[in-house]
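Structural overview for review
Listed here are the chains, written in short residue letters.
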Amino acid sequence: MSRWKIVAIIVVVLVVAIIGYRIVHRPTGFQRGKGQDAPIPVTVVPATRENVPVYLTALGTVSALNTVTVVPQVAGQLVSVNFKEGKEIKKGDVIAQIDPRTFQAAVEQAQGKLAQDQALLSAAKYLASSYENLGKKQYVAAQTLQAQEQTVRQYQAAVLADKAALDSARVQLGYTTIRAPINGVAGLRLVDVGNIVGPTTSGGIVVLTQIHPISVLFNLPQQNIEAVRDGMTKGALQVAALDRSNNTVIATGALKVINNQIDTSTSTFQLKAEFANPTDTLWPGQFVNVRLQLGTLHDALVVPAQAVQRGPDGDYVFAVQPDNTVKMQPVTTGGEAGASQTVISKGLSAGVRVVTEGQFRLKQNSKVIPLAPGQVPPMPKTVAAKVRSGGGHRG
């Protein structure tokens, strides 16, 4: 027999001997199956009754309440820009100025034409009055008097037309001073001084966005539309905008509009909420988490959300019995209660302790050591004995 075969036989014999030794000298508790029945430390929390707000959540987009692209209404050379990019502008503030000289000349021309026709009208009226007096003495033919009266009416019409032309010229002159139509924040300047601008100027001069107040648009599934409409009939529905972590409320407002149709491609309907936004927390184009409060469930039964488990037969919790064993208790949930709790509408009673941590080691009738949140499980007796005797320290 070769040397390698002898070595292999010796190795096999040693392995079999080691396995047999471990089986024979296994601790008594494991031989009897007691190790598998040792109590399992778990965290438990009692089910409680609370007044729970009912929320619907969605992802929303911040939108300016009003957006205006400022476009010149008359053509001319831009001689000044009077706003600072990114700064707040009040309604009526001067944004820019177009060279007014051409339009000022048009106003003066209209004034001159009006004065001319007013003078002609005055002369025609005087002549008509003279003809009327002479006509009474039959010194002037009636036909001549009638012709003069028609001349008076013609000049009256001319004066009216001149006044309209003057008003129009003044309006055009006024358009050379471009003013902010709304309160808002100025965007980037889209045209520089010296350029010829007009009604056809692409993109206008600047875009103003109104952010006080500001809107948030969001969508909800169509099955919620009746609940939202019912809530609006009872009063204003409160809406909160939350940060990216969905934990901190950054702004509060109210629901203003439910869109007039459901989007058939997504089976959702759009809503608009309005926020005062006094500190500019919300900004147009920003994404926020939206929480719409439909109402409040009074005296609702709640448990921590992590206590609810999902199984093939539905939701359930591990309920701790008086003998410190657990029971897989089927429950019916009734929605979220805030960010960390779940409403239980059926299957549980107030005061029943439910397991919130350690469920992965549990099964029906498992024995547990109930612990409060943050509590440390007790040290095993054998380990405690070693610690007291100093056996847990290295020499």
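Since the model is a prediction, treat every value here as computed from it, not as a measurement.

Across its full length, the protein chain holds 6 helices and 20 strands. Put simply, the protein chain has 395 residues, and 30% of those count as buried. Pairs at least 24 apart in sequence give 75% of the contacts found in the protein chain among residues at least 6 apart. Accessible area for the protein chain stands at about 24,800 Å²; split by element, carbon and sulfur atoms hold 53% of it.

What the 4 strands build is an open sheet, ordered β6-β5-β3-β8; its pairing is antiparallel. Unpaired on one side and paired on the other, β6 (177-179) and β8 (196-197) mark the two borders of the sheet.

Let's shift gears to the side chain of N224. The residue N224 is located in the loop between β9 (206-221) and α5 (225-233) in this model. If we skip the residues at most four places from it in the chain, N224 touches L56 and F269.

Its place among the elements puts Q111 in helix α3 (residues 101-136). Classification of Q111 by relative accessible area gives partly exposed; the value is 35%. Considering only alpha carbons, one finds Q111 and D162, 51 residues apart in sequence, at a separation of 7.7 Å. Not counting residues within four places of it along the chain, the set of residues in contact with Q111 comprises L166 and R170.

Time to look at the nonpolar core. Core analysis: the largest hydrophobic core is formed by 29 residues, its most contacted members being L78, F83, I95, I178, I205, V206 and L208. Broken down by secondary-structure element, the contributors of at least two residues to this core are β5 (94-98), α3, α4 (142-174) and β9. The biggest single contributor to this core is α3, with 7 residues. Ignoring anything within four residues of it in the chain, the contact list for I178 reads V70, P72, D93, V94, I95, A96, I98 and I205.

Our focus in this paragraph is the confidence of the model for the protein chain. Of all residues in the protein chain, 85% attain a pLDDT of 70 or more, and the chain-wide mean is 86. Counted against residues more than four places away or in other chains, residues 27-34, with its pLDDT under 50, gives 6 contacts.

One can find W283 in the loop between β12 (268-275) and β13 (287-304). Judged by its relative accessible area of 42%, W283 falls in the partly exposed class. In this structure, W283 is in contact with V62, V185, I211 and I214, ignoring residues within four places of it in sequence.

Turning to a nonpolar patch on the surface, a few remarks are in order. Together, I6, I10 and L14 give the surface a local cluster of nonpolar side chains, amounting to about 270 Å² of exposed area. Within the secondary structure, I10 sits in helix α1 (residues 3-24).

Now for the pairing of strand β11 (residues 249-263). Pairing of strand β10 (residues 238-242) with β11, which is carried by 5 bridges, proceeds in the antiparallel orientation. Bridging across to β11, V239 finds its partner in G253. Hairpin connection, β10 to β11: the antiparallel pair is bridged by 6 residues, and N246 has positive phi, about 65°. Bridge count between β11 and β12: 7 bridges; the pairing is antiparallel. Following the sheet pairing, I258 is matched in β12 by L271. Following β11, the chain reverses through 4 residues before pairing antiparallel with β12; S267 in that reversal takes a positive phi of roughly 55°.

Next up on the list: the packing of aromatic side chains. Enumeration over the complete set of coordinates arrives at 1 aromatic pair. Taking the centre distance of 5.6 Å and the plane angle of 85° together, the rings of Y316 and F318 count as edge-to-face. Owing to a relative accessible area of 17%, Y316 belongs among the buried residues under this scheme. Over the ring of Y55 we find R291, and its NZ or CZ is 4.3 Å from the ring centre.

Before going further, it helps to examine the environment of L120. Inspection of the secondary structure assignment puts L120 in helix α3. A sequence separation of 38 residues divides L120 from A158, and the C-alpha atoms of the two residues are 9.7 Å apart.

Now for the pattern of salt bridges. Under the definition given, this model contains 6 salt bridges. Between E226 and R229 there is a salt bridge, and its shortest N-O distance comes to 3.8 Å. Of this pair, E226 and R229 both sit in helix α5, 3 residues apart, roughly one helical turn. Here E226 falls in the partly exposed class, since its relative accessible area comes to 45%. Put simply, K113, D117 and D162 are held in one network by salt bridges that share partners.

Thresholds applied
Residues numbered from 1 in each chain as written. Predicted model: local features only at pLDDT ≥ 70, side-chain atom pairs only at ≥ 80, totals over all residues. Heavy atoms only, no water. Helix = DSSP H or I, 4+ residues; strand = E, 2+ residues; numbered from the N terminus. Buried < 20%, exposed > 50% of the residue type's maximum accessible area, 1.4 Å probe, protein only. Contact = heavy atoms within 4.5 Å. Areas by Shrake-Rupley, 256 points an atom, 1.4 Å probe, with all protein chains shown as cover. Pairing = 2+ DSSP bridges. Core = buried A, V, L, I, M, F, W, Y, C linked by side-chain atoms within 4.5 Å. pLDDT = per-residue confidence, 0-100. Patch = residues over 30% accessible without salt bridge, like charges linked within 9 Å, V, L, I, M, F, W, Y side chains within 5 Å. Salt bridge = Lys/Arg side-chain N within 4 Å of Asp/Glu carboxyl O. Phe/Tyr/Trp six-rings, centres within 6.5 Å; stacked < 30°, edge-to-face > 60°. Lys NZ or Arg CZ within 6 Å of the ring centre and 35° of its normal.

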